[in-house]
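Chain by chain, the residues run as shown.
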Amino acid sequence: MNNKGNKRVITLEEFIIRGQNRFPGATGELSQLLRDIGLAAKIISREVNKAGITNILGEEGSQNIHGESVKKLDLFADDQLISALDRSNITCMVISEENDGIVRLSADAGKYIVYLDPLDGSSNIDVNVSIGSIFSVYMRKMDKDVLGKEEALQPGVKQVAAGYVLYGSSTIMAYTTGLGVSVFTLDPSIGEFILCNDDIKMPEYGTVYSLNEGYYNSWDLGLKKYIKYCQVEDNATKRPYKARYIGSMVADLHRTLMQGGIFIYPHSSKYPNGKLRLMYECNPLSFIIEQAGGIAINGENRIMEIEPRSIHQRTPIYIGSKQNVLKLKEFLDTYSEEATGVS
Ligand code: AHM
Ligand code: MG
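Residues numbered from 1 in each chain as written. Chains lettered and ligands numbered in written order. Predicted model: local features only at pLDDT ≥ 70, side-chain atom pairs only at ≥ 80, totals over all residues. Heavy atoms only, no water.

Trainee: I would appreciate a short explanation of the overall build of the chain in the present structure.
Mentor: Check the secondary structure of the chain and you find nine helices and 13 strands. Within the chain, the proportion of its 343 residues that are buried is 52%. At a minimum sequence separation of 6, the contacts of the chain that also span at least 24 residues come to 61%. (Helix = DSSP H or I, 4+ residues; strand = E, 2+ residues; numbered from the N terminus. Buried < 20%, exposed > 50% of the residue type's maximum accessible area, 1.4 Å probe, protein only. Contact = heavy atoms within 4.5 Å.)

Structure follows, in structure tokens:
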């Protein structure tokens, strides 16, 4: 359903409760967790919009005009999300890009484990470019008494929910619980996320490619050839494609979700395992993209089937519209076979 043109406005809160009511046995805990993230997102959005002013006032550790200490925005976002999750007593641990180890919350017996990238693309803050928060939710294996990293190391296919918040020209929240992707826009005048699409499907084919082309010389031959293919003129396939790269994964992925195309962060000599993190960047965004009809692979296998070995693990990622990712895979396969002499 597209909410455009509908008189009836549906808020995130209402939408989550309605979703929960569709499952008679549901305890409401996952709904509460999503509402907590929605609340933290509103607070972070407000601070992101004030970031320019905060920068004038000082950096981390300094004091603002009220004599209060100023926090870096990514640490602020981390605090907000973790304390929102701690309040409801249903999350037992959080793993976040901002913390080396796991963060145990007060609910020792809590059912859920949440991965967070509290503010992705944070190098873009100072130049007023879109940034985002990413979350990924797993169910704790309740048969285990010991709460440790092993508990948190589950493949992406086990996610029970995932989503992102994009702080762009508007603040957008998108999430999935495995029943399609719902997208909301924050209406700042009433402080509510309003439903804009409750089952978004992305184009099967798109004409945009997105990657950091500055690293061209360190790519595999298959990727170099694919990017050259994207640049060749061909009316039938609407090439050349457009190149678009914001350098904020959430923003690049949101565009890919809406318009189709492909987003790539490959391995390279600088990042032999890729740069992006499996558990709080690649898995959640893969869940969203797959739920919208797209594909996400690491070059060989589905991202969400990777068995994680560590909480901050990195992976290469090729993600987006089905036809684009499959075409790229053809190139990677062909040229890796050539390199190894397999025909
Ligand atoms: P961050 O978590 O330190 O912000 O890094 C992740 C970001 C992604 O949002 C983005 O896709 C990528 O880094 C950009 O990296 P690069 O500058 O190498 O292109
Ligand atoms: Mg990040």
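Trainee: Which parts of the structure should I look at to understand the pattern of salt bridges?
Mentor: Side-chain pairs of opposite charge can arise whenever the charged atoms involved come near each other. A complete count under the given rule lists 15 salt bridges for this structure. A salt bridge links Glu305 to Arg302; the nearest nitrogen and oxygen atoms lie 2.9 Å apart. We classify Glu305 as partly exposed; its relative accessible area is 47%. With relative accessibility at 30%, the residue Arg302 sits in the partly exposed group. One salt bridge in this structure joins Lys329 and Asp333, with 3.0 Å as the shortest N-O distance. On the criterion of helical spacing, the pair formed by Lys329 and Asp333 is a turn pair, its members being four residues apart in helix α9 (residues 322-340). Overall, the relative accessible area of 28% leaves Asp333 in the partly exposed class. Each of Arg8, Glu14 and Arg18 takes part in a single network of salt bridges with overlapping partners. (Salt bridge = Lys/Arg side-chain N within 4 Å of Asp/Glu carboxyl O.)

Trainee: How do you make sense of the pairing of strand β7 (residues 181-187) when you look at a structure like this?
Mentor: Across a regular strand the side chains alternate sides, sitting on one face of the sheet and then on the other. Within β7, five of the seven residues are buried, which leaves it mostly tucked inside the rest of the structure. As defined by bridge partners, strand β6 (residues 171-176) adjoins β7 across five bridges and the pair is classed as antiparallel. Bridge pairing links Thr176 to Val181 in β7. In this antiparallel pair of consecutive strands, β6 and β7, the connection spans four residues, and Gly178 shows a positive phi of 100 degrees. (Pairing = 2+ DSSP bridges.)

Trainee: Any chance you could explain the site of ligand 1 here in plain terms?
Mentor: Residues in contact with ligand 1 amount to 16 residues; listed here are only the nearest, Asp120, Gly121, Tyr245, Met249 and Tyr265. One nitrogen or oxygen atom from the main chain of Gly121 is found 2.8 Å from an oxygen atom belonging to ligand 1. Tyr265 is positioned with one of its side-chain polar atoms (N or O) 2.6 Å from an oxygen atom of ligand 1. With the chains in place, 82% of the 480 Å² that ligand 1 exposes on its own is no longer accessible. Residue composition of the shell around ligand 1, by class: six nonpolar, five polar and five charged. Of the domains in this structure, domain 1 (12-197) and domain 2 (208-340) are the two that each give at least three residues to the shell around ligand 1. (Near = heavy atom within 4 Å. Polar contact = N/O pair within 3.5 Å; in protein donor to acceptor, adjacent residues only side chain to side chain. Areas by Shrake-Rupley, 256 points an atom, 1.4 Å probe, with all protein chains shown as cover. Nonpolar A, V, L, I, M, F, W, Y, C, P; charged D, E, K, R; others polar. Domains from an automatic or database assignment.)

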